[in-house]
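Observations on the three-dimensional arrangement
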Amino acid sequence: MSQGTRQELPAVAPSVTAELVTALSPRLRKRLDAGITKLAGRPTVRDGDTVRIAVDDDTDLELHAPGGSVTTADGIRCGCLLAPDCLHRAAAASAAPVAEEGNSGDGEGGSQEAVVVAEGEVAGPESADVAQRAAALALRAAAAAVLEAGADGAGAVVQAELLRAAHTARLAGLHRAAASAVSLVTALRAARAGDPAYRLVDLVGGLRDVLSVAHRVPHATGAELAALRGTARQPYRPDGSLRLYGLFSEPVLTASGYAGAVTWTADPEGRLYQVSDVAPGGAGRAVGAADRPVRLGDTALTHRELSRAGLAVSGATVSPTGRLGAGAGVRAVGAPGAGWREEPLDRLWTVPVAEQLTRAFNGGHDLLFLEVTLLGTAVEAAGGCLLAGCDGVVLRLTAAHDHPALAHRDNLRLLAAARGTALRVVARLIPAPHPRAQLLATEHPAQPGTRVDVGLDRLQRADLPPAPASPVRAAPSAEEAPVHLLRRRVQQAVSGGRRVLSFPGDAGADARRLGRSGLATAGGLLGELHAAAAERSRDVFGRLLPADPDRFARAWLAAARYTEEVDRALCVAAWSG
């Protein structure tokens, strides 16, 4: 039995949260967000599959989670006089992490059991059926409501409507849309809770994805519809025997309550594969998972050991993203590894950077294998980052995660002391108007042949050159280009809702500036975004009618998609020097 905080609440299925919130009276719905806040400060005790919250001195609230998550409304029980129609049950469900009702194909924390798909299997119908179209419309309406309110106003009731739409979408076979909606709810909760891992750009991307899929499903056919639908679980395919070489391990810590480690490996042809151990948990699990045995075959290697060693796998099953399945028929034993400057891993760093960018933007993995020279640090609004010269451009290397239990931020700070050192690194591309990436692994700056998993291995100052690097203020970048005028409005709408764009301002001047810079389309999108936000019609008595959330959502989606494509083009141009 263990005692802790609300972070130890079991995950709750989206349909359960939606059901409990919908059952509340209008009066209790208005008090739901305050109820969640109050519940967060109450003592929590875990006893096996049951989590008990002391609502007050005389009342307990219980969450029963056989298998790790609450899957029915009856799994949340309260001892107060108003139960089962009380506020406490809905508050607990809204405070808990959202359980995954199905795997869309790419999310961490999905089942490790392989769903083997035969070669040549043909994806579903040529066009969306009635249920799928209705589900897409419901999802679009729920996402539009989120945009109308903004993160600041999208409380538990708005989130519950989105979870209800996600559940409906999953039942209709729209697994990608359902997973995107659940991820959006998780991002909204992180934003409202002040989670240090929260990033506004992630929330913008999540809302853009939900609206994009919901908008396209009723009109899509064939292969486009199949991609939009997604799959309930990752389709693993047989891949025979594999000889793999460890590259690095990275910790995983998500806002949705999952944690663990992923170890990246490569075969002799340079194809990448991942071995994953991600499950419900917090920062402690993210740190400790590196020293747990990998869940694959009979090998006793830990993730940390595998990142420097190798594997021989038979009966392998592999997902489209390269994740190795851990089914009963898989056999794996440890084997010798290879250094980064030895074959076959050496070839990963010989691929031109431009080719690696093209692969990432065309749907391939987003890892970059780079040769860099450390230049020091740069001062940014969000904190410092590590500057490095790479292929003729100045690259900004940032932390993949800011949680203090993980080593990313401290290691970046120490690596600045190795100014002038040439290293091979592995980084994850961040689309931006300037070269930018998250540093995941690096060669040791003072010990040739040794590599560092930046999120797991902690460098010591004694390992590095003694001279500290002085801060270097980065030169103005393409972030100052006029397109940021539109991007800023897109982000403001997500943060504060429609109302922040409905007031008279400098929209006309910004649109003219965009036009003078050759960005007439951006200017037109900005004008329509403001017009949709400000439009309010009146009834015959002169009273204001409710705003049209659908028009505003369509205007926002067009602007968000445009800025996404422009950012992609600016990113490619920036890396080209």
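Calculation criteria
- In this numbering scheme, every chain counts its residues from 1 along its sequence in written order.
- Only residues with pLDDT of at least 70 are given local features in this predicted model, and only at 80 or more are side-chain atom pairs given and counted; all residues enter the totals for whole chains, interfaces and linings.
- No hydrogens and no water enter the side-chain calculation; it runs on all heavy atoms of the structure.
- Counted as salt bridges are all cases of a side-chain nitrogen of Lys or Arg within 4 Å of a carboxyl oxygen of Asp or Glu.
- By definition, any uninterrupted DSSP run of H or I lasting at least four residues is a helix, any uninterrupted run of E lasting at least two residues is a strand, and each is numbered from the N terminus.
- Here's how the labels work: a residue is buried when its accessible area is under 20% of the maximum for its type, exposed when over 50%, partly exposed in between, all with a 1.4 Å probe on protein chains only.
- A patch consists of residues exposed above 30% relative accessible area that lack any salt bridge, with like charges linked at up to 9 Å and nonpolar side chains (Val, Leu, Ile, Met, Phe, Trp, Tyr) linked at up to 5 Å.
- For the accessible areas, the method is Shrake-Rupley and the probe is 1.4 Å, while residue cover comes only from the protein chains on display.
- Counting rule for charge: Lys and Arg are taken as positive, Asp and Glu as negative, and neither His nor the chain ends is counted.
- Note that the charge is assigned to NZ on lysines, CZ on arginines, CG on aspartates and CD on glutamates.
- Here, the term nonpolar core denotes a set of buried Ala, Val, Leu, Ile, Met, Phe, Trp, Tyr and Cys residues that are joined through side-chain atoms within 4.5 Å.
- Each axis is a line fitted through C-alpha atoms, taken for helices only over the stretch in contact, and angles between the N-to-C directions span 0 to 180 degrees.
- For classification, angles of less than 35 degrees are called roughly parallel, those exceeding 145 degrees roughly antiparallel, those between 65 and 115 degrees roughly perpendicular, and all remaining angles oblique.
- Handedness of each helix crossing follows the sense of rotation of the near helix against the far helix: counterclockwise by less than a right angle gives left-handed, clockwise gives right-handed.
- Only heavy atoms enter the contact rule, under which two residues are in contact if any of them lie within 4.5 Å.
- Each residue gets one label: Ala, Val, Leu, Ile, Met, Phe, Trp, Tyr, Cys and Pro are nonpolar, Asp, Glu, Lys and Arg are charged, and the others, such as Gly, are polar.
- Side-chain rings of Phe, Tyr and Trp, where Trp is taken by its six-membered ring, are said to pair if the distance between their centres is within 6.5 Å; with planes under 30 degrees apart they count as stacked, over 60 as edge-to-face, and otherwise as tilted.
- This arc is built from the directions going out from the helix axis to the C-beta atoms.
- Two strands make a pair as long as DSSP finds a minimum of two bridges between them.
- A 3.5 Å cut-off defines polar contacts: any pair of N or O atoms within that distance qualifies, except that in protein one atom must be a possible hydrogen donor and the other a possible acceptor, and neighbouring residues in sequence count only when both atoms are side-chain atoms.
- In predicted models, pLDDT denotes the confidence assigned by the predictor to each residue on a 0 to 100 scale.

**Quick word on the pattern of salt bridges**
- Taken as a whole and assessed by the stated rule, the structure comprises 30 salt bridges.
- The partner of Arg-52 in a salt bridge is Glu-62, with the nearest N and O atoms 3.0 Å apart. In this pair, Arg-52 is assigned in strand 4 (residues 50–54) and Glu-62 in strand 5 (residues 60–64), connecting sequence segments ten residues apart.
- Overall, Arg-52 belongs to the partly exposed group, its relative accessible area being 27%.
- Across the salt bridge formed by Arg-341 and Glu-443, the nearest N and O atoms sit 2.8 Å from each other. Residue Arg-341 is located in the loop between strand 13 (331–335) and helix 12 (353–361), and its partner Glu-443 is located in strand 18 (residues 436–443); the two are separated by 102 residues in the primary sequence.

**Here's the deal with a negative patch on the surface**
- Side chains of Asp-56, Asp-57, Asp-58 and Asp-60 sit close together on the surface and give a patch of like negative charge.
- Mapped onto the fold, Asp-56 is located in the loop between strand 4 and strand 5.
- Under the relative-accessibility criterion, Asp-56 is labelled partly exposed at 36%.

**Structural notes on the nonpolar core**
- In this structure, Leu-139, Leu-147, Leu-162, Leu-207, Val-217, Phe-552 and Trp-556 are the most contacted members of the largest nonpolar core, which totals 62 residues.
- Looking at this core, the elements that each hand over two or more residues are helix 5 (130–153), helix 6 (156–171), helix 7 (175–193), helix 8 (200–216), helix 9 (222–229), helix 14 (484–496), helix 16 (520–534) and helix 17 (549–575).
- Among the nonpolar cores identified, the runner-up in size contains 32 residues, and Leu-9, Leu-28, Ala-65 and Ala-92 belong to it.

**Digging into the environment of Thr-317**
- Within the secondary structure layout, Thr-317 lies in strand 12 (residues 310–318).
- A sequence separation of 77 residues divides Thr-317 from Gly-240, and the C-alpha atoms of the two residues are 7.5 Å apart.

**Remarks on unusual backbone geometry**
- A cis amide bond, omega 10°, links Ala-83 with the succeeding residue Pro-84.
- If you trace the backbone, Pro-84 turns up in the loop between strand 7 (76–78) and helix 4 (87–95).
- Cis geometry marks the peptide bond from Glu-343 to Pro-344, where omega comes out at 5°.
- Looking at the secondary structure, you find Pro-344 in the loop between strand 13 and helix 12.
- Phi at Asp-391 is positive, roughly 55°, even though this residue is not glycine.
- With respect to the secondary-structure elements, Asp-391 resides in the loop between strand 15 (383–390) and strand 16 (393–399).

**Concerning the packing of helix 14 against helix 17**
- One can describe the packing of helix 14 onto helix 17 by two numbers: an axis separation of 10 Å at closest approach and a directional angle of 135°. By the angle between their axes, helix 14 is oblique relative to helix 17. In the crossing of helix 14 with helix 17, the sense of the turn from one axis to the other is left-handed. Contacts between helix 14 and helix 17 involve Leu-486, Arg-487, Val-490, Ala-493 and Val-494 from the first element and Phe-552, Trp-556, Ala-559, Ala-560, Tyr-562, Thr-563 and Asp-567 from the second.
- Within the contact of helix 14 with helix 17, the residues separate by chemical class into nine nonpolar, one polar and two charged.

**Quick notes on the packing of aromatic side chains**
- The final tally for this structure, using the stated rule, is three aromatic pairs.
- Ring plane angle 10° and centroid distance 6.2 Å describe the contact between Phe-248 and Trp-264, whose orientation is recorded as stacked. Of this pair, Phe-248 sits in strand 9 (residues 235–253) while Trp-264 is found in strand 10 (residues 258–266), placing the two residues 16 residues apart along the sequence. For the pair Phe-248 and Trp-264, one class covers both residues: buried.
- Ring geometry for Trp-349 against Phe-369: centres 5.1 Å apart, planes inclined by 80°, an arrangement best described as edge-to-face. Highlighted residues: Trp-349 in the loop between strand 13 and helix 12 and Phe-369 in strand 14 (residues 367–380), separated in sequence by 20 residues. Note on accessibility: Trp-349 and Phe-369 belong to one class, buried.
- Joined through ring pairs, the aromatic side chains of Trp-340, Trp-349 and Phe-369 make up one cluster.

**Things to note about helix 9**
- Here helix 9 has its buried residues at Gly-222, Leu-225, Leu-228 and Arg-229. Down the axis of helix 9, the sector holding all buried residues measures 120°, keeping them to one side.
- Those residues of helix 9 that are buried lie in contact with helix 5, helix 7 and helix 8.
- Just beyond helix 9, the residue with positive phi is Gly-230, at close to 70°.

**Some details on the packing of helix 6 against helix 7**
- Between helix 6 and helix 7, the least distance of the axes is 7 Å, while the angle of their chain directions is 160°. On the basis of their axis angle, the class for helix 6 and helix 7 is roughly antiparallel. The handedness of the crossing between helix 6 and helix 7 is left-handed. Of the residues in helix 7, those touching helix 6 at Gln-159, Leu-162, Leu-163, Ala-166, Ala-169 and Arg-170 are His-175, Ala-178, Ala-181, Val-182, Leu-184, Val-185, Leu-188, Arg-189 and Arg-192.

**Overview of the pairing of strand 3 (residues 44–47)**
- In this sheet, strand 4 lies alongside strand 3 in antiparallel orientation, the contact comprising four bridges. Paired with Asp-47 across the two strands is Thr-50, which belongs to strand 4.
- Once strand 3 ends, the chain turns through two residues before running back antiparallel as strand 4, passing Gly-48 with a positive phi of about 65°.

**Focus: the side chain of Thr-263**
- One can find Thr-263 in strand 10.
- Polar side-chain contacts of Thr-263 include one of 2.8 Å to the side chain of His-303.
- Each residue touching Thr-263, except ones within four places of it in the same chain, is listed here: Phe-248, Ser-249, Tyr-273, Gln-274, Val-275, His-303, Leu-306 and Ser-307.

**Concerning a positive patch on the surface**
- Taken together, the side chains of Arg-488, Arg-512, Arg-513 and Arg-516 present a region of like positive charge at the surface.
- Broken down by element, the residue count for the positive patch peaks at three residues, all from helix 15 (residues 507–516).
- With respect to the helices, strands and loops of the structure, Arg-488 is situated in helix 14.

**Some remarks on the confidence of the model for the protein**
- Overall, the predicted model of the protein reaches an average pLDDT of 85, with 89% of residues at or above 70.
- Counted against residues more than four places away or in other chains, residues 103–124, with its pLDDT under 50, gives 59 contacts.
- Of the regions scoring below 50 in pLDDT, residues 471–479 engages in 18 contacts with residues more than four places distant in sequence or in other chains.

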